[in-house]
There are 2 protein chains.
Amino acid sequence: MLEKRIRIAKGEIKASLVLKNCQILNVFTEEIIKADIAIEDGIIAAIGEYDGIEEVDINNNFVSPGLIDSHIHLESTMATPFELSKISVPRGTTTVICDPHEIANVCGLDGINYILKASENAPMNVFVMLPSCVPATPFENSGAVLGVEELKKLIDNEQVLGLGELMDYVGVINADKNILDKIKIAENKNKDGHCPNVSGKELNAYIAAGITTDHECSTEKEMLERLRLGMYVQIREGSAAKNLAALIKSVTRQNLSRIVFCTDDRHPEEIFEYGHIDNNVRTAIKHGIEPLMAIKMATINAAQCYGLKNIGAVAPNYKADILIIDNLENFKIKEVYKDGKKVSEGSTPLFENKNPYTDEKVLNTVRFGKIEEKDIQIKMSSKLAYTIEILPHNLVTKKSLCNAEIENGYFKFTENSDILKIAVIERHKNTGNIGIALIKGFGLKNGAIASTIAHDSHNLIVVGDNDRDILLAIEQLRNTGGITVCINGEVKETLPLPIGGIISDKPIEYIKQKLDSMKEIAYQNGVSKETDPFMTLSFMALPVIPSLKITDKGLFDVDNFEFVDLCIE
Amino acid sequence: MLEKRIRIAKGEIKASLVLKNCQILNVFTEEIIKADIAIEDGIIAAIGEYDGIEEVDINNNFVSPGLIDSHIHLESTMATPFELSKISVPRGTTTVICDPHEIANVCGLDGINYILKASENAPMNVFVMLPSCVPATPFENSGAVLGVEELKKLIDNEQVLGLGELMDYVGVINADKNILDKIKIAENKNKDGHCPNVSGKELNAYIAAGITTDHECSTEKEMLERLRLGMYVQIREGSAAKNLAALIKSVTRQNLSRIVFCTDDRHPEEIFEYGHIDNNVRTAIKHGIEPLMAIKMATINAAQCYGLKNIGAVAPNYKADILIIDNLENFKIKEVYKDGKKVSEGSTPLFENKNPYTDEKVLNTVRFGKIEEKDIQIKMSSKLAYTIEILPHNLVTKKSLCNAEIENGYFKFTENSDILKIAVIERHKNTGNIGIALIKGFGLKNGAIASTIAHDSHNLIVVGDNDRDILLAIEQLRNTGGITVCINGEVKETLPLPIGGIISDKPIEYIKQKLDSMKEIAYQNGVSKETDPFMTLSFMALPVIPSLKITDKGLFDVDNFEFVDLCIE
């Protein structure tokens, strides 16, 4: 194969495919080079004037290397890697470096192995950073624990590039033995960071541990401090967090090579509508960045950051992951070639999944015992109770108080009140753990919404204004998990998520349509349009985002980092 | 250790050493940052305001990362790695990526292992690229053959970064099986190039083989073509070849990250006088390159090219290889810290070699049988004979003709003629091979000069205008090898080179003084000052540089790539 490519490059034999008349966006010199691209075995053999057995006239359209998402949790798309590739690849993202943190919290190594295996039939380069914080906190029960011994089993896998985001930055900065032991097994590999608001001596400590990237910058000050100390900054444009507008003005020719793009979390409907990393590129260009600088951040810079030697450029010996673009300003992708094969035209994928990968080990993970009305009652010692208050467009909640109605010592729903019940049911090991609290600002009327996506442990979380719908919604998610909306005693719509209770086995178009439809039902039944009901619900159990959260172990005061009783006195 | 550095960075405990009040040349952002540098275990723990157990006030001098020579044949300094470090480290070069091609041609794997081991006591990071072309050509006898099986034994050594310069570019471009097999064992490692004047489809073929660097560019056109096709260009400023002036004007901010510095071959007297990679930096600045851009080429760019993660910057978790500089324009290095220890002041090293490394396997390598007057006679079939003509300041020779005097069918020296004898004696395996020819333009009178440095096979080469001195010079180099000058039947001066016949075991000052003194004797005895006698001699047996050369197998016409008879008809 190597020999054949050399002979093709030399002009002795024809390449299987030649893309004629390209205007190649050269990421090494920031020039536009007119040339043909000779391709063999999915690899670029040569750039110049070449003849092919098959020739495709590119008509002087621009040609870019495929784009790289340097940090994504694939699970946030709720789709399998293959299904994600159906929308991301036509939009130019041909490589993702993913941290399968969510499925690892449910299924441990089996979950990571599922991602590795399921990626094989997607026309996308999928690399993995091993989740470093499973479980994410000691304040909830997850489905798995990934310790040093578990991580060692996969660290040398060739798809594994290192250790995923060290969210436990407090542990790193405090040099906790447990976390340092994990860092040490990835000594010669990349170690991704996650350190919002960390600066000064604490940031130095974090970097001294060997961590080389951060995707949590949201201000110019944070970005420059990280760059100066040698970190790569991953400018994030995701679904929950969008940092590009704030950071892009600090990109200079002098620091360009240390800046890359990522999405972190990206919901399918946003990829459909705005794109994947092409959205980062387009937005950067709109903010005045030269197109070739934007493309470097989306390609060769990320490849260099992660030591990927044959990805990120259109040049001999690089993978033939190639985008055809008709206009640099709007960065509209006409066609995509992956490994030298045309895989999309416009937004339409030209490939299908003939052999979907399934693995029993990641199915039927939603396990809990019988749950009856008595199990979801809230014993009240006083009327004055802590309440999780949802703030519009925000994952941070407010720790507020309410005057609850009490009947026979238990909380009682009252009509026209905005106080709902929220419960988290441990669903991995059937411990019977249930945490219940009060929530305000969700707005739902005459119903309940339940989901087995609940960061980071992905227990079953349910919210509702009556016990009948709450119980119905819970029951609906037994075994397969998913998201469900029940109104007036009726299951209105359910999106099953059989893979770990967090990923659908259905086409991504189906997932999008179900989510749209369920969201519409939620809005028709009182949920404010200021709130994405499923995303909001999925963060109510995450005890690292302020201020008040609920886990299967109880109500958690994030500001004081302790469990609290519901009632005052 | 990691834990300690984290705690130092956090400010909990003091670092062993803090360099206070630095103006750090930041290669990530091209800024100058005022800060202290906290160092522990030879590694930078933190940058900021720090206190140390020991504190050194840097008085707002500039602080640069140590410089990297991205491609050097250490043997051309004729010094051990330790002795080289005595002059290179005080001049700022703290890392060398070397291709021990010369000693490998003499001693094979034993030679490479010697370099790896002998480097350990030098305060310099020494990395190795495995010589890919041993022997360099089939037209001479070398001391060793390095095939795939031999290279496999060292490719995974952690000091080994890949496969050294693929000088046999014709073999690569022709996809010769032997050379491709070598390339394949370095699949995931770097593969260095050497492809002067190669362009177009042939250059594509060379790069398609996976080769990612070239240090043989001498024109802007060559440089740009290589950069566009994805090669790193190593701008060379060596002793034989100086390319910086021609190439530096093509360095732009757009292509900067793909350009690095090297010397390839650098003689000790030039390092003493002009410097090592600091000379590249200084010369680049003189040519108008911004100091921080020049320093990037000399540091972080080279580290990235070779995947060296903790070298090339002054930042947490990088090696504390640090230069103190008082002036950016003349890049004068005041002090050097290596692994956090001060190792030089001005040009004076502050370290010594307490335990020099020796290895029997690389000693006494100069082996040949008894050589008598009859063995060095040239049988002449006609007066008209090919003559190697030396051109001033050039390694290329001219294929000229002379009218030689003949006595009894043999060449006869004539007084006041510039025609000398040149002989190459196989000295590795005592085959008895002797190649003899005529040479013009060397200028030596009443004497002979012999050397066991003769690229690339390092047989014994001798030139002289009388047989007595030629025999004396040859005999002088038995067993240990070296360089010798004999005049009027007397050994005037000899530099023994006991390590492989190419490296001295003496201090580098001694080497320099001997070379100076021997060169002076050569000049006093007729050698033109336009010619470096020892360097010239060392290239006369290299059958890949045009036009006419002599090996132990005979007279070689490089232009036609064939052996030729001495006499015409």
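The preceding data block contains the structure.
Now for a description of the structure that goes with this document.

Analysis parameters
Residues numbered from 1 in each chain as written. Chains lettered and ligands numbered in written order. Predicted model: local features only at pLDDT ≥ 70, side-chain atom pairs only at ≥ 80, totals over all residues. Heavy atoms only, no water. Helix = DSSP H or I, 4+ residues; strand = E, 2+ residues; numbered from the N terminus. Rg over C-alpha atoms; globule rule 2.2 N^0.38 Å. Buried < 20%, exposed > 50% of the residue type's maximum accessible area, 1.4 Å probe, protein only. Contact = heavy atoms within 4.5 Å. Areas by Shrake-Rupley, 256 points an atom, 1.4 Å probe, with all protein chains shown as cover. Lys, Arg positive; Asp, Glu negative; His and termini not counted. Charge placed at Lys NZ, Arg CZ, Asp CG, Glu CD. Buried area = accessible area lost by both parts, 1.4 Å probe. Salt bridge = Lys/Arg side-chain N within 4 Å of Asp/Glu carboxyl O. Nonpolar A, V, L, I, M, F, W, Y, C, P; charged D, E, K, R; others polar. Phe/Tyr/Trp six-rings, centres within 6.5 Å; stacked < 30°, edge-to-face > 60°. Lys NZ or Arg CZ within 6 Å of the ring centre and 35° of its normal. Axes fitted to C-alpha atoms, helices over the stretch in contact; angles between N-to-C directions. Left-handed = near helix turned anticlockwise from the far one by under 90°. Polar contact = N/O pair within 3.5 Å; in protein donor to acceptor, adjacent residues only side chain to side chain. Pairing = 2+ DSSP bridges. Least-squares fit on C-alpha atoms with pLDDT ≥ 70 in both.

Side note on the overall build of chain A
Part 1: Looking only at helices and strands, one finds 17 helices and 30 strands in chain A.
Part 2: Taking 569 residues into account, the globule formula puts the C-alpha radius of gyration at 25 Å, and chain A, at 25 Å, falls close to it.
Part 3: Put simply, chain A has 569 residues, and 64% of those count as buried.
Part 4: Considering only contacts in chain A between residues 6 or more positions apart, those separated by 24 or more positions represent 68%.
Part 5: As presented, chain A carries roughly 20,000 Å² of accessible surface, and 46% of it is formed by carbon and sulfur atoms.
Part 6: Within chain A, the 81 negative side-chain charges are centred at a point lying 2 Å from the centre of the 62 positive side-chain charges.

Details of the interface of chain A and chain B
Part 1: With 54 residues of chain A in contact, the opposing surface of chain B contributes 54 residues.
Part 2: Approximately 4,400 Å² of surface area, both sides summed, lies buried where chain A meets chain B, with 56% of it carried by carbon and sulfur atoms.
Part 3: At the junction of chain A with chain B, the criterion picks out 2 salt bridges.
Part 4: The partner of B:Arg228 in a salt bridge is A:Glu31, and the shortest N-O contact between them spans 2.7 Å.
Part 5: Within the residue set of the side of chain A that touches chain B, elements represented by two or more residues are α1 (2-10), β2 (31-40), β3 (43-48), α6 (169-173), α7 (177-185), α8 (200-208), α9 (220-228) and α14 (300-305) of chain A.
Part 6: For the side of chain A that touches chain B, the element with the highest residue contribution is α1(A), accounting for 7 residues.
Part 7: Along the lines of polarity and charge, the residues of the side of chain A that touches chain B split into 25 nonpolar, 13 polar and 16 charged.

Observations regarding the packing of aromatic side chains
All names here are of chain A.
Part 1: For the structure shown, the criterion picks out 18 aromatic pairs over all chains.
Part 2: Here Phe 411 and Phe 413 contribute two aromatic rings whose centre-to-centre distance is 5.3 Å and whose plane-to-plane angle is 80°, an arrangement assigned as edge-to-face.
Part 3: Note on Phe 411: relative accessible area 7%, which makes it buried.
Part 4: Aromatic side chains Phe 556 and Phe 563 sit 5.0 Å apart centroid to centroid with 75° between the ring planes, which places their arrangement in the edge-to-face category.
Part 5: The class for Phe 556 is buried, based on a relative accessible area of 0%.
Part 6: When its relative accessible area of 35% is taken as the criterion, Phe 563 is described as partly exposed.
Part 7: Put simply, the rings of Phe 139, Phe 556, Phe 561 and Phe 563 touch in pairs and so form one group of aromatic residues.
Part 8: Here the guanidinium or amino end of Arg 258 rests over the ring plane of Tyr 232, the centre of that ring lying 4.0 Å away.

Overview of the packing of α7(A) against helix α1 (residues 2-10) of chain B
Part 1: Packing of α7(A) against α1(B) leaves a shortest axis separation of 11 Å and a crossing angle of 115°. Both α7(A) and α1(B) take part in a crossing whose hand is right-handed. Note on element contacts: α1(B) touches α7(A) through B:Leu2, B:Glu3 and B:Ile6, opposite A:Leu180, A:Ile183 and A:Lys184.

Points about the environment of B:Lys242
Residue and element names in this part refer to chain B.
Part 1: As for its placement among the helices and strands, Lys 242 is situated in the loop between β12 (232-236) and α10 (244-247).
Part 2: Using a relative accessible area of 46% as the deciding quantity, one classes Lys 242 as partly exposed.
Part 3: Residues Lys 242 and Ser 218 lie 24 residues apart in sequence; the distance between their C-alpha atoms is 8.4 Å.
Part 4: Within the structure, Lys 242 has its side chain in polar contact with the backbone oxygen of Gly 238 (distance 2.6 Å).

Describing the pairing of strand β5 (residues 62-65) of chain A
Residue and element names in this part refer to chain A.
Part 1: Side chains Phe 62 and Ser 64 project from β5 onto one buried face, and the interleaved Val 63 and Pro 65 project onto a second face that is buried too.
Part 2: Two elements, strand β1 (residues 15-26) and β5, share 2 bridges in a ladder whose sense is parallel. Counted as the bridge partner of Ile 24 is Val 63 from β5.
Part 3: Here 4 bridges tie β5 to strand β14 (residues 322-325), and the two strands are oriented antiparallel to one another. Note that in β14 the partner of Pro 65 across the bridge is Ile 322.

Some remarks on the sheet that holds strand β24 (residues 447-451) of chain A
All names here are of chain A.
Part 1: On the basis of which strands lie adjacent, the open sheet formed by 8 strands has the order β19-β18-β23-β22-β25-β24-β26-β27 and mixed pairing. At either margin of the open sheet sits one strand with a lone partner, and together these are β19 (397-403) and β27 (490-496). Looking at each pair of strands side by side, their axes are set apart by 25° on average, direction ignored.
Part 2: In terms of strand pairing, strand β22 (residues 419-425) meets strand β25 (residues 460-464) through 5 bridges, oriented antiparallel. Of the residues in β25, the one forming a bridge with Ile 425 is Leu 460.
Part 3: Strands in contact with helix α16 (residues 508-524) are β24, β26 (482-487) and β27; relative to β27, the strand with the most contacts, it is inclined by about 150°.

What to know about the relation of the copies chain A and chain B
Part 1: Mapping chain A onto chain B calls for a rotation angle of 180° and an axial translation of 0.0 Å; the resulting RMSD is 0.1 Å. Here the transformation between the copies is reduced to the relation of a two-fold axis.

Regarding the pattern of salt bridges
Oppositely charged side chains are able to pair whenever their charged atoms sit close together.
Residue and element names in this part refer to chain A.
Part 1: Taken as a whole and judged by the stated rule, the model has 76 salt bridges over all chains.
Part 2: As a salt-bridge pair, Asp 51 and Lys 20 come within 3.8 Å of each other at their nearest N and O atoms. Remark: Lys 20 occurs in strand β1 and Asp 51 occurs in the loop between β3 and β4 (52-57); sequence separation between them is 31 residues.
Part 3: A relative accessible area of 17% places Lys 20 in the buried class.

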